[in-house]
Structures are given as C-alpha cells and as structure tokens.
Amino acid sequence: MRRLGLSLLLVVAVLGCRGERRPPDPETLSRLVDSLRPRVERATGLQFRSPPRSALRSRTQVRTYLLRKLDEELPSSKLLGLETAYRLFGLLPDTLELRPLLLELYTEQVAGYYDPDSAMLFGVEDADPAQLRVVIAHELVHALQGERIPLDSILEDKSNNDRLAAAQSVLEGQATLAGMKALFPPDIDPTSDPEFWSEYAKQVRGGQASMPVLARAPLIVREALIFPYLAGAKFMHWWESSPFRDTVPYGPRMPRSTEQILFPEHYTRRDAPIALRFPSDSGVLYEDVLGEGEDHVLMARLRGAGEVSADSAIGWGGDRYRVHRTPGGPALIWYVVWDDQRSAESFEKAYGDKLRTTSRGGYRTSVEHVELEGRPATRYVLSPVEWNGWSHLPRPSIDR
C-alpha cells in the first residue's frame with residue numbers, strides 16, 4: 001500500500017515518549033530544530049546546505065494538509081482499484097473504506113512532519129514536547145534527504161507498489177535510525193546492541209495498542225505503516241556495515257524490492273525482481289505488484305495469524321496482479337514467478353488449498369502451477385463463475 005510523502009509518527013509510539021503537555025510556541029520549535037541540527041548531521045554524516053526552516057500548524061491545518069496529500073497519493077481511481085484488489089485477496093473486509101481509515105490513521109499521532117513542497121518542518125501546536133523532540137529529530141533527516149534527492153519524484157511511479165515500498169523504506173529507515181541516534185550522546189549507539197532490534201520490533205508492534213485506530217485496522221494496513229520504520233531501519237543499520245557503507249542508497253543504488261529490504265543478501269548479489277507485463281486490455285480496473293513484503297502479509301492472513309513473520313525468504317522472484325471489470329463483479333488474476341521449482345512447490349503445498357477456499361458467492365477460484373518463459377510460476381484466479389475470461393486467461397510476459 002502506497003504511503004503518503006510525509007513521516008507518520010509511529011516512531012513516537014515505538015519509543016513510548018510521553019511528557020508533560022506544554023504546547024510549543026514558534027520560538028521553542030525553532031530552538032529545538034537548532035539544537036538537534038548538529039546531532040542529526042553527525043548521525044547521518046550529511047551537512048545541511050541551508051538552515052532548516054520551521055513553523056507551527058494547528059490540528060485543523062494539519063488535517064487540511066493531510067487531506068490534500070491523501071487525494072494526491074490516492075486519487076479516486078487508484079483508491080477504488082486498491083480497495084477492490086485487497087478485498088479479493090481477502091486482505092480488506094468488503095465493508096471497509098480505505099480513505100476515511102487512512103485519514104484517521106494519519107491524524108491519530110501526528111506531532112510534526114516535513115513538507116517537501118515547501119521544504120519546511122512543521123510542528124503541531126498542541127504536540128507533547130517529548131514527542132515533538134523525537135519527531136523533529138526524525139524529520140530533520142527527511143529535510144537532509146530533501147536537499148539531495150527529489151522526495152516527491154520517488155513517489156511518482158504508480159505502477160509498482162513493491163518498488164515504491166522499498167524506496168520509502170530507505171527514506172523512513174534512514175530517518176528512524178539516524179533520528180534515534182541523534183537523541184543519544186555521541187558515544188552511545190543503542191542500535192549497536194545485538195538485542196536492540198528484537199526489542200525494537202517488540203516495541204513497534206506493542207506500540208500499536210497506544211494507537212486505537214491503528215490497533216483496529218486490518219493487518220495489511222498496519223503492516224504497510226510499520227514496514228518502513230521496522231524493516232527499513234534494519235536495512236539501513238545493515239547498510240552502515242555493508243560494502244556500500246561509504247555511500248547512501250539513493251539514485252541507482254536505491255533498493256528495487258521489499259525482498260531486498262527484508263533480506264539484504266539479495267541486494268548484495270543484485271537479485272533484481274522479475275518484472276511481469278500483462279497484455280493490454282481495455283477492461284482492466286487496476287493492476288500492481290504485491291512483492292515479498294505483502295506476500296508475507298497474505299500468507300499470514302491465510303494462516304489466520306494476527307502478525308506477520310518474515311524470518312526467511314520464500315524464493316519470490318517477481319509478481320503482478322490484475323483486476324478486470326466483468327458484468328458479474330471484479331475478477332482477480334495473480335501471477336508469482338519463483339526463484340526455483342522448490343520455492344514454487346513449497347508455496348503451492350502450504351497455501352494452494354488455502355487460496356482455493358477464498359472463493360465468494362458466485363465466484364470460482366483456481367490455483368495452478370504454470371511456467372512463464374521457462375520459469376516456475378503460480379497463477380491464482382478469483383473470478384465470477386460466468387466470466388468469459390476463464391477460457392482465455394491473460395498471460396504476462398517477462399519484461400526484460
């Protein structure tokens with residue numbers, strides 16, 4: 001699921017910051033930015049080219065801003081397609097509407113944000129000072145990123161949600177990791193403790209209880225929000241001791257899949273995702289890529305698990321799904337290409353029957369092992385029984 005081009009304050013819930021509520025004023029915010037600026041520069045190894053600017057915003061102004069960004073990132077056509085696809089995958093209830101849920105989520109814990117359009121840091125007028133300190137450290141990293149890369153342009157590719165999630169994980173992961181380091185003395189790096197990351201993961205997931213809207217959201221929504229802060233921060237921690245540590249993962253070095261984020265060894269050996277391309281069709285409502293990250297969410301849902309476990313790679317090589325308009329309702333076709341035959345057989349054995357039971361009234365399901373240009377693949381179809389497309393299911397090609 002595509003994220004908004006601003007940082008959500010999930011990191012606040014993670015760190016459990018709760019202080020005495022004394023709302024900041026513009027001068028206090030400016031002093032906070034000035035005091036954290038050298039700490040963030042030290043934590044990132046990057047220098048500001050110009051002093052960061054800041055201002056306060058009311059809750060009403062923040063909500064207006066979020067509404068505008070939400071409509072930019074998820075226009076009605078994309079929102080309809082995304083909702084339809086996730087409902088067919090069983091990842092969203094049929095009655096749930098994403099737009100009001102996302103707006104609630106984005107406003108639930110916001111204490112501040114960086115706006116790449118104006119290159120400004122904004123604090124919320126009634127924000128808890130302890131929360132605001134954590135947030136500004138995090139957002140200052142985004143301000144540094146904004147001086148070096150066009151943040152908005154990274155989010156422009158609407159055709160591959162998986163690649164977008166990987167890029168967002170780098171941006172949020174770097175901001176989370178460096179933001180945390182900036183809050184500690186120079187000689188203390190909490191992330192170097194081997195036990196830190198397991199504890200951090202527990203706090204990320206446990207912190208959802210303090211955010212009622214997030215706690216009741218479907219698993220796919222919760223994971224979409226958590227992934228950049230958790231998997232992204234771990235990837236950036238790995239980067240700091242990797243063969244690439246003297247650079248930053250921007251531009252050509254930006255990871256291209258959530259598989260590379262979750263399992264950096266795939267990044268090191270340049271295991272690029274296999275891109276699939278469906279033949280053109282005027283009856284298409286929506287199409288996109290789940291990717292390894294969302295595959296793990298789907299597998300958790302099929303197992304009936306309340307949390308996602310992504311401890312080992314599943315042999316994902318690439319995937320693409322398409323939703324067709326039909327007279328009897330939307331039809332879903334999903335192809336997954338695997339690294340090898342064993343990975344395909346393992347997935348089909350564990351989840352094939354579970355996928356076959358995901359049918360709905362008037363629908364038919366099919367899970368088949370196929371080959372795409374000599375590569376092992378799985379095809380999943382969920383479609384109205386009377387759909388005429390059953391006799392000539394579209395078959396994607398590998399985009400080389």
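What counts, and at which threshold
Residues numbered from 1 in each chain as written. Predicted model: local features only at pLDDT ≥ 70, side-chain atom pairs only at ≥ 80, totals over all residues. Heavy atoms only, no water. Helix = DSSP H or I, 4+ residues; strand = E, 2+ residues; numbered from the N terminus. Rg over C-alpha atoms; globule rule 2.2 N^0.38 Å. Buried < 20%, exposed > 50% of the residue type's maximum accessible area, 1.4 Å probe, protein only. Contact = heavy atoms within 4.5 Å. Areas by Shrake-Rupley, 256 points an atom, 1.4 Å probe, with all protein chains shown as cover. Salt bridge = Lys/Arg side-chain N within 4 Å of Asp/Glu carboxyl O. Phe/Tyr/Trp six-rings, centres within 6.5 Å; stacked < 30°, edge-to-face > 60°. Lys NZ or Arg CZ within 6 Å of the ring centre and 35° of its normal. Core = buried A, V, L, I, M, F, W, Y, C linked by side-chain atoms within 4.5 Å. Pairing = 2+ DSSP bridges. Axes fitted to C-alpha atoms, helices over the stretch in contact; angles between N-to-C directions.

1. Comments concerning the overall build of the chain
Consideration 1: Counting its regular elements, the chain contains 15 helices and ten strands.
Consideration 2: For 400 residues, the compact-globule formula gives about 21 Å, and the C-alpha radius of gyration of the chain, at 22 Å, lands near that figure.
Consideration 3: Along the first, second and third principal axes, the C-alpha atoms of the chain reach 70 × 45 × 35 Å.
Consideration 4: Counting every position in the chain, which comprises 400 residues, the buried fraction comes to 57%.
Consideration 5: In the chain, 74% of the contacts between residues at least 6 apart in sequence involve partners at least 24 apart.
Consideration 6: Accessible area for the chain stands at about 17100 Å²; split by element, carbon and sulfur atoms hold 49% of it.

2. Quick word on the pattern of salt bridges
Two side chains with opposite charge may pair up if their charged atoms get near one another.
Consideration 1: Scanning the entire structure with this criterion turns up 20 salt bridges.
Consideration 2: For D117, the salt bridge identified is with K69, shortest N-O distance 3.7 Å. In this pair, D117 sits in the loop between β2 (112–115) and β3 (120–124) while K69 sits in helix α3 (residues 59–73), placing the two residues 48 residues apart along the sequence.
Consideration 3: D117 sits in the partly exposed class, given a relative accessible area of 44%.
Consideration 4: We classify K69 as buried; its relative accessible area is 1%.
Consideration 5: Of the charged contacts in the structure, one is a salt bridge between K181 and D189, with a shortest N-O distance of 3.8 Å.
Consideration 6: K181 sits in the buried class, given a relative accessible area of 15%.
Consideration 7: Given a relative accessible area of 30%, D189 falls into the partly exposed group.
Consideration 8: A network of salt bridges, in which partner residues are shared, links R68, K69, E72 and D117.

3. A closer look at the packing of aromatic side chains
Consideration 1: Taken as a whole and judged by the stated rule, the model has 23 aromatic pairs.
Consideration 2: It is R360 that lies over the ring of Y363; its NZ or CZ is 5.8 Å from the centre.
Consideration 3: For R364, the ring lying beneath its charged end belongs to W390, and the centroid distance is 3.9 Å.

4. Quick look at helix α5 (residues 98–108)
Consideration 1: L98, L101, L102, L103, L105 and Y106 are the residues of α5 that are buried.
Consideration 2: On its buried face, α5 is in contact with α3, α4 (76–88), α10 (212–215) and α11 (219–239).

5. Things to note about the nonpolar core
Consideration 1: Judged by nonpolar contacts, the single largest core of 109 residues is most densely connected at F89, Y200, V221, Y321 and W334.
Consideration 2: For this core, the element with the highest residue contribution is α11, accounting for 13 residues.
Consideration 3: One finds Y335, L372, W387 and L393 within the second-largest nonpolar core, a separate group that totals 15 residues.

6. Describing the sheet that holds strand β6 (residues 316–324)
Consideration 1: Spatial strand order, β5-β6-β7-β9-β8: five strands in an open sheet with antiparallel pairing. Across the chains shown, the open sheet's two edge strands, defined by having one partner strand only, are β5 (284–288) and β8 (363–372). On average, adjacent strands in this sheet sit at an angle of 15° to one another, irrespective of strand direction.
Consideration 2: Relative to strand β7 (residues 331–338), β6 runs antiparallel, the two sharing eight bridges. Residue pairing for β7: R322 is matched across the bridge by I333.
Consideration 3: Its contacts with the sheet put helix α14 (residues 291–303) on β6 and β7, and the angle it makes with β6 is roughly 70°.

Distances and angles like these do not, on their own, reveal function.
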